Amino acid sequence: MKTTSRREFLKGTLAGAASLTLAGVLSACGADSKPTPAADLTPTAGKGTYIPGTYKATAQGYDSEVTVSMTFDAESITDVQIDVSGETPDLGGKIGDKMIERIKAAQSAEVEAVTGASRSSEAVKQAAASCIAQAKGEPVIIPEVGAGDDPYTGEGPDGKTVYYSQRRSWVGEAPVIAEKDIAGEYSADVVIIGANYAGANCFRMACEKGLKCIVLDSQSEEEFNSYGGDLGHFNSTWQEKVLGVPKDFFDPTDFIDSYQLQSAGRAQPDLLRQFAHRNGEMVDWMTELYDDVTQIKSMITADFKKDNKGYDFKKGHFMTYPATLQLATGSMGSSGNFCKASVQKGLSASAGSQAFYEMTAKVLIKDGDTVCGVIAMSETDGKYYRFMGKKGVVLATGDFSANSEMFRCLCTEDQECTPYSELTGNGRNGSGHRMGIWAGGVMEPGPRASMGGGTAPFPGALFKTTAALWINKYGKRFCNEGFGTPFVAGCQNARQPIDGALFQVWDEGHWREMAKNQALGHFNGSNITDAQMEEYAAKLQAVKDNGGMPVVAAAAAGGEGGAPGGEGGAPGGAGGPGGPGGPGGPGGGGNEIYCADTLEELAAKLGLEGEYATNFVEAVKRYDAMAAAGKDEDYAKAPNLLFRISEGPFYAEKLSRRTGGALVTLAGLFVNGDQQCLNQNFEPIPGLYATGNTSGGRFVLQYTASMNGLSIGFATVYGALLGEYLGEKAPDVSTGDSSTSAKGTQG
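Residues numbered from 1 in each chain as written. Predicted model: local features only at pLDDT ≥ 70, side-chain atom pairs only at ≥ 80, totals over all residues. Heavy atoms only, no water.

Quick look at helix α7 (residues 269-286) now. Under the 1.5 Å per step criterion, the end-to-end length of α7 is 24 Å for 18 residues, consistent within 8% with the ideal 26 Å. At R278, α7 shows its maximal bend, which comes to roughly 60°. Turning to α7, its buried residues are L271, L272, Q274, F275, A276, N279, G280, M282, V283, D284, W285 and M286. By the N-cap criterion, in which a side-chain oxygen at the helix start approaches the backbone nitrogen of a residue two or three places on, α7 is capped by Q268, the distance to D270 being 2.8 Å. (Helix = DSSP H or I, 4+ residues; strand = E, 2+ residues; numbered from the N terminus. Expected span 1.5 Å × (residues − 1). Bend = angle between axes of the 7 residues up to and from the residue. Buried < 20%, exposed > 50% of the residue type's maximum accessible area, 1.4 Å probe, protein only. Polar contact = N/O pair within 3.5 Å; in protein donor to acceptor, adjacent residues only side chain to side chain.)

Take the packing of aromatic side chains next. Applying the stated rule across the entire model yields 35 aromatic pairs. Here Y50 and F72 contribute two aromatic rings whose centre-to-centre distance is 4.7 Å and whose plane-to-plane angle is 50°, an arrangement assigned as tilted. Taken together, the positions of Y50 in the loop between α1 (6-11) and β2 (53-60) and F72 in strand β3 (residues 65-72) put the pair 22 residues apart, joining distant regions of the chain. A relative accessible area of 3% means that F72 is categorised as buried. Ring plane angle 70° and centroid distance 5.8 Å describe the contact between Y55 and F72, whose orientation is recorded as edge-to-face. In this pair, Y55 sits in strand β2 while F72 sits in strand β3, placing the two residues 17 residues apart along the sequence. On the basis of relative accessible area, Y55 is assigned to the buried category, the value being 15%. It is R204 that lies over the ring of W285; its NZ or CZ is 3.8 Å from the centre. The lysine or arginine in question, K315, covers the ring of Y311, its NZ or CZ lying 4.4 Å from the ring centre. (Phe/Tyr/Trp six-rings, centres within 6.5 Å; stacked < 30°, edge-to-face > 60°. Lys NZ or Arg CZ within 6 Å of the ring centre and 35° of its normal.)

Across the junction of G446 and P447, the peptide omega takes the value 0°, indicating a cis bond. With respect to the helices and strands, P447 occurs in the loop between α11 (431-438) and β19 (450-452). Cis rather than trans, the peptide bond between G648 and P649 has omega equal to 5°. Position of P649 relative to the elements: it lies in the loop between α16 (610-629) and β23 (650-656). Even without a glycine there, the phi angle at E358 is positive, about 55°. Relative to the helices and strands, E358 is located in the loop between β14 (354-357) and β15 (359-367). In this structure, F682 takes a positive phi of about 65° despite not being glycine. Position of F682 relative to the elements: it lies in the loop between β25 (676-678) and β26 (684-690).

What follows concerns the sheet that holds β23. The strand order β20-β21-β23-β22 describes an open sheet built from 4 strands, whose pairing is antiparallel. The sheet is open, and its two edges are formed by β20 (469-471) and β22 (593-596), each paired on a single side. Each neighbouring strand pair of the sheet contributes to a mean axis angle of 25°, computed without reference to strand direction. Sheet analysis places β22 next to β23, joined by 4 bridges and oriented antiparallel. By the bridge assignment for β23, A596 is matched with F650. Taken strand by strand, helix α14 (residues 530-545) contacts β21 (501-507), β22 and β23, and its axis lies near 65° from that of β22. Where α16 meets the sheet, it contacts β20 and β21, and its direction lies at approximately 160° from that of β20. (Pairing = 2+ DSSP bridges. Axes fitted to C-alpha atoms, helices over the stretch in contact; angles between N-to-C directions. Contact = heavy atoms within 4.5 Å.)

Now for empty space enclosed by the protein. In the structure shown here, the tally under the stated rule is 3 cavities of 30 Å³ or more. Of the volumes computed, that of the second largest cavity is approximately 60 Å³. In this structure, the second largest cavity is lined by 14 residues; those nearest its centre are W506, M514, F643, R644 and I645. Counting residues per element, the ones that place at least two in the lining of the second largest cavity are β21 and α13 (511-515). Top element by residues in the lining of the second largest cavity is β21. It accounts for 3 residues. Partitioned by chemical class, the residues of the lining of the second largest cavity number 11 nonpolar, 1 polar and 2 charged. (1 Å grid on protein atoms, 1.4 Å probe; cavity = no way out; pocket = protein on both sides within 12 Å on 5 of 7 lines; lining within 4 Å. Points joined across faces, edges and corners; volume = space filled by probe spheres on them. Nonpolar A, V, L, I, M, F, W, Y, C, P; charged D, E, K, R; others polar.)

On to the nonpolar core, then. One recurring pattern in soluble globular proteins is that nonpolar side chains are buried together. Judged by nonpolar contacts, the single largest core of 127 residues is most densely connected at L216, F255, F338, V343, L364, F387 and L726. Looking at which element gives the most residues to this core, the answer is helix α17 (residues 710-728), with 11 residues. Aside from chain neighbours lying at most four places away, what touches L726 is V190, C202, L211, K391, V394 and Y689. Of all hydrophobic cores here, the second largest spans 27 residues; its members include I77, I100, I103 and A128. (Core = buried A, V, L, I, M, F, W, Y, C linked by side-chain atoms within 4.5 Å.)

Two elements in contact, α7 and α17, have axes separated by 9 Å at closest approach and are oriented at 90°. In terms of orientation, α7 lies roughly perpendicular with respect to α17. On α17, the residues touching L271, L272, Q274, F275, R278, N279, M282, W285 and M286 of α7 are L710, G713, F714, T716, V717, Y718, A720, L721 and E724. Looking at side-chain class alone, the contact of α7 with α17 contains 12 nonpolar, 4 polar and 2 charged residues. (Parallel < 35°, antiparallel > 145°, perpendicular 65-115°, else oblique.)

Glancing now at the side chain of T704. Note that T704 resides in the loop between β26 and α17. A polar contact is formed between the side chain of T704 and the side chain of Y259, at a distance of 3.0 Å. Those residues in contact with T704 that sit more than four places away from it in its chain are Y259, Q262, S263, V488, F699 and L710.

Under the criterion given, the structure shown has 24 salt bridges. A salt bridge links K209 to E728; the shortest N-O distance between them is 2.8 Å. Here E728 lies in helix α17 and K209 lies in the loop between α4 (197-208) and β9 (213-217), a separation of 519 residues in the sequence. The class for K209 is partly exposed, based on a relative accessible area of 34%. Exposure remark for E728: the relative accessible area of 48% places this residue in the partly exposed category. Here E534 ties to R512 by a salt bridge, and the two come within 3.0 Å at their closest N and O atoms. Of the two residues, E534 is situated in helix α14 and R512 in helix α13; the sequence distance between them amounts to 22 residues. By relative accessible area, R512 is classed as partly exposed at 35%. Among the charged side chains, a network of salt bridges with common partners joins R477, E481, D632 and K637. (Salt bridge = Lys/Arg side-chain N within 4 Å of Asp/Glu carboxyl O.)

Laid out in structure tokens, this is it:
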């Protein structure tokens, strides 16, 4: 029932732990595996390691160039100065002192990144590596795959060669940690790596089910943070009390049918079934942490008891849901506090359980094919500790968007739709995925999803990503704007010309009806009240008063992470991940809205000429005729998303194709319905589980979000359900003691 703090570590609470021997030769990937060779930077004999002096280098951070200055004597780094003043003050701008401390302690640029500021940290490391190379009189050499190693193949059963596209340099080799370097050992029923949404709820539930649990997290308890804070779900007590929508209003089978249709039938069926039938129950359990559930705010602003009584939650084939609660409201104050409170609740329920903050997992421990523990490094004393789990280990380490190489290699659709960009998100570094692969796991089959990237929605502004009429640079309509809710339909904009404008079109007579009847999905209007309609009306009137020309300047750029607002919702400021709800994009002010009394005049104001102008007028008229008939003969748009464009003045918003910006990746390790990791033969690995953004099976094509906050909804609910499974059904796979369980394999 105790949280191990920095102070207790330094007092030596870990001293006296048993020193136990791992028998046999430690191996990362089997007896035939070979380490990746590093550059030979050995100095010329007799001349010392470094050329004494001070060296400076820069590298591109998130918002600015990061500068590192390092001073060397003949054998050591004596001083480090880091300038990150151009980075976001609350994130990258805070890492200077920590990175100085780590580089000096390690006498190397190969140090851990600061959690929450991965891109800034990587820039510091790159610049530091350049300084070291200068001091050695040699260039920085990037390690390459060893000669004779084919990164595209692996060894399968009976020594057969398996052609496996995921075996790239990003996988790397598992570290081998000597027994003499392990300072102590801890044992529990289960070890959970990661204390964020999925891990914290897994820990709490498993503790409440009577297990003795250990949870590890690399962040400090004092500075613990979580990305986003919107939890999407349905059929909870909160939904009924706050929104006025009855607790049993939504049919779980509608969710399963709708979601699998959006996912082309590829979502893990058993995971989806469990979420559909039990997510409301799990949210009720989670919100026990709050003093009063009615104080938890909603992402959706609407009075479904009155003004929106007749709202149709089904749009064509697809369901849409209003129940997205904001975890950082009520008595919590922040989503990080919600996670910490979940851990504390677990500690209170299980006297033998422990939480270790500032503890970074490095490599899993195996007994044959069974995962039975993990070796982690304390950020407080720099020592290694072994944690053994009788039922195994849960990987809840988040995503891999901060690892650019993993992002590019695994999320191929994102990269192909953004061919001129180096993909980098704002999440975690993929350490859990790599540990799982070293232990025999595999990534789920592709395509692999991210939140944004190459499958981002149509870029929204005034009406957000409404299923209005969408027209491309050629003046032509190009898709069903409402298919699968706008996030799914919006992938079509990524397939439009890279340098081309896109247009949303509506009219004076029908825009209110259109705005109030959109799907309540990601990047759509979450406020459908009459008051919001009046704000829209005022902005449109300003355009008319300005002669039908734009009146609002472009939104300010977002910061490196800002307060990473909601996990979905309306896009934030252009170009950055900030703002409530998303990875950036056009702001919500109506940046380039034009209006005219005729469609021909409107086309001219948009800069369309000749054939493109003719196409535009014809496309709008054809759309209006189909809306009047209630049938989209071109792209089969749902009748309840078809609104006429017949009563002038006519409006169009000029926007840019939006791709590349991603908040987090959503692909993970291949798992079954019990969240057990599968091996290359798609068989369960005993003792190894993955949940949250480390797990696959949830978003199998793209971010198929039928509600705001579904990523956090999945993470919290699946974490809790895994904790329940571990407490009620999971078998023991080891004794929980390295002297009798582990036979010597790290990997």
